[in-house]
Amino acid sequence: MIQHMKKLHIILLALLSLSIKAQEVVPGIIIAKVSAEYGSQIESEGLKHRSLVALPCYHGLLNMTREYPNATDPNGKTDALGRPYIDLTRTYRFNINTDMDLYSTMDQLKQTGMFEYVEYTTYSHSMYVPNDPLHTNQNHLIQSSILAAFDSTMGDTGVVIGITDTSMDILHEDLQGNVQPNYSDTIDGLDNDLDGYTDNYLGWDMDGNDNNLFFANDYHGTTVAINASATPDNSIGVVGSGFNCRYLPIKVSDNSTAPNIVTATGHQGIGYAVEHGCTVVNCSWGTSTWSQAGQDMVDYATINFDAVVVASAGNQPVEDAIYPAAFGNVISVTGVHNNDVFDNGSNPVFTYHDSVDIAAQGFDVYTSATVGAAGSNAVYTTTGGTSMAAPIVSGVVGLIRSKFPCLTATEVTALLIDSADVIDDMAQNIPYAGKIGKRLNALAPLQANLCTLTDISDRTNNHIIVYPNPTHNAFTWDRPLGRKFNHIIMYDPSGKTVMNTNISPRTRWIDVSDLPNGIYRIRLNGPDGPAVQNLIIERDN
């Protein structure tokens, strides 16, 4: 019986394998690597090579192109261990008529003896799927490639997102697991850590000056916290865009209920957040009144504490500057539908302005709130507003900070914006061009390779000051302690070398006018050793 079961198991596995292949193979594409002896012939003749012309399948070979057009011939180079460099210049993609039998065509190509290998290619999918049962209702996880981003990083519990908002239920079933405790001040009636806040173990109410963060019938703060930081993989509810990144709840409103909620301590809340370890701060609130005090607080957070501040751009269907979103050094977020349309002709549009940096889903965002007493009835439903879009972005900022701890707040901001998708060229969005930002793309910035490019992880002891930074077209640097440099290497966000040249010790300016927006890693070499720094190239689109 056991032997029969084993045979059956093997047969089922074989059938499953065939089923997977049938579903995953990309039709009409073959990847083949030309043998070295035929490399130059194929490079010059391509599909006109006599061995290919003679194949029965020849007329179904639509074209033949290099799979890696930027690859260069290693010319026999080896690494430090003597391993030969891989030559990708001889790898080609055949596009064939999809009516042809893929496997028969592959066999014919193999039989020419011209190829080292001949393979089909398969579709790749996101491997990680959270077990939170309602995450499939969260359209923004797909729209902004957040689900795919979880394959690159699941966030870090050491990255804390400050949620400055209204009432928050930290006992909510999907928020309990991701709240950041203050272990230095457990609840005992004493200010154990001497920070001026007694028993601020799980956040603080700036308005009430106590640790009571929740009052019934206000849902705003809880829904915002859910979007950024709902506990992942707990078999409950939904998942936050920051996945494992923790959140610190900071109530900055009075105890009014919508639409009469007043936030008078928002700026103080930003300060509390960064002073208590938050490297990302979400502000789903705002006013149309500019203030120097507000800009000072944002600068305090971003410059003094190297935190990224994210804020909602407003919900009124007008062109207007809403603060703190429109302050300098803030990522301003507006909302779009899940098809990237800003104005669908039926729903009122959100606030738009030339200060807006990023758009994320703001209509029908699936989230959760507590109805009744704290920790009681968790309701999962859809809601909207730029207040919902901003924490989605904040969670993604948390992912970036988790994967690239070497980046400053300014660099993280530039990476997020430069990697986002242009949507204001869509027909429906053209009337708002330049005023709705770019749509959030969580996966794109995580494909960068910025923290390990120069083999120098510590910029503190080997750094230079590069300026202007950000720059438009050129940069220079200081010369600490008279150090001289004779060689410069620059890497783009993917790790590709974009500059590698000798320079004169008297060189003052480096021209980068031909490089696109992004963060670049600079390594300057000289007789006193290397120095490194990041450079942001940023031009108005």
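Residues numbered from 1 in each chain as written. Predicted model: local features only at pLDDT ≥ 70, side-chain atom pairs only at ≥ 80, totals over all residues. Heavy atoms only, no water.

Undergrad: How should the overall build of the chain be read in this particular structure?
TA: When helices and strands are tallied, the chain shows eleven helices and 21 strands. Its C-alpha atoms put the chain at 85 × 80 × 55 Å along the principal axes. For the chain, buried positions account for 50% of its 541 residues. For the chain, the proportion of contacts with a sequence separation of at least 24, taken over those separated by at least 6, is 70%. Only carbon and sulfur atoms are counted for the fraction: they give 51% of the accessible area of the chain, which is about 24,900 Å². (Helix = DSSP H or I, 4+ residues; strand = E, 2+ residues; numbered from the N terminus. Buried < 20%, exposed > 50% of the residue type's maximum accessible area, 1.4 Å probe, protein only. Contact = heavy atoms within 4.5 Å. Areas by Shrake-Rupley, 256 points an atom, 1.4 Å probe, with all protein chains shown as cover.)

Undergrad: Would you mind showing me how to read the pairing of strand β20 (residues 518-525) here?
TA: Moving residue by residue along a regular strand, the side chains alternate between the two faces of the sheet. Within β20, eight of the eight residues are buried, which leaves the element mostly enclosed by the surrounding structure. Of the two faces of β20, both are covered, the one formed by Gly518, Tyr520, Ile522 and Leu524 as well as the one formed by Ile519, Arg521, Arg523 and Asn525. Pairing geometry for strand β17 (residues 487-491) and β20, over five bridges, is antiparallel. Residue pairing across strands places Ile488 opposite Leu524, the latter belonging to β20. The pairing of β20 with strand β21 (residues 531-537) spans seven bridges and is antiparallel. (Pairing = 2+ DSSP bridges.)

Undergrad: Teacher, can you tell me more about the packing of helix α8 (residues 266-275) against helix α9 (residues 292-304) here?
TA: Think of two packed helices as two axes; the pair is described by the angle between the axes and how far apart they sit. Packing of α8 against α9 brings their axes to within 9 Å, and their N-to-C directions diverge by 10°. Classed by the angle they form, the pair α8 and α9 counts as roughly parallel. Residue-level contacts link His267, Ile270, Gly271, Val274 and Glu275 of α8 to Gly294, Met297, Tyr300 and Ala301 of α9. Across the contact of α8 with α9, the residue classes tally to five nonpolar, three polar and one charged. (Axes fitted to C-alpha atoms, helices over the stretch in contact; angles between N-to-C directions. Parallel < 35°, antiparallel > 145°, perpendicular 65-115°, else oblique. Nonpolar A, V, L, I, M, F, W, Y, C, P; charged D, E, K, R; others polar.)

Undergrad: Please explain the environment of Pro493 as it appears in this structure.
TA: Tracing the backbone shows Pro493 in the loop between β17 and β18 (497-502). In this structure, the C-alpha to C-alpha distance between Pro493 and Pro445, residues 48 residues apart in sequence, is 8.4 Å.

Undergrad: Hey, could you run me through the pattern of salt bridges in this one?
TA: Where charged atoms of side chains with opposite charge meet at close range, the side chains can pair. All chains considered together, the criterion is met by eight salt bridges. The salt bridge partner of Asp205 is Lys251, with a shortest N-O separation of 3.2 Å. Note that Asp205 is positioned in strand β6 (residues 204-205) and Lys251 in strand β7 (residues 246-251), a separation of 46 residues in sequence. Among the salt bridges present, the one from Asp340 reaches Arg439, with a minimum N-O distance of 2.8 Å. Placement of Asp340 in the loop between β10 (330-336) and β11 (358-361) and of Arg439 in strand β14 (residues 438-439) is noted, with a sequence separation of 99 residues between them. A relative accessible area of 13% means that Asp340 is categorised as buried. Linked by salt bridges that have partners in common, Asp87, Arg90 and Glu116 make up one network. (Salt bridge = Lys/Arg side-chain N within 4 Å of Asp/Glu carboxyl O.)

Undergrad: For this particular structure, what's the right way to read the sheet that holds β18?
TA: Picture the strands of a sheet paired through backbone hydrogen bonds; they go either parallel or antiparallel. Taken in spatial order, the four strands of this open sheet run β18-β17-β20-β21, and their pairing is antiparallel. Pairing within the sheet leaves two strands with one partner each, and these edge strands are β18 and β21. Direction aside, the axes of adjacent strands within the sheet are offset by 15° on average. Contacting β20 and β21, helix α11 (residues 409-418) crosses the sheet at an angle of about 45° to β21.

Limitation: the analysis is restricted to geometry and does not speak to function.
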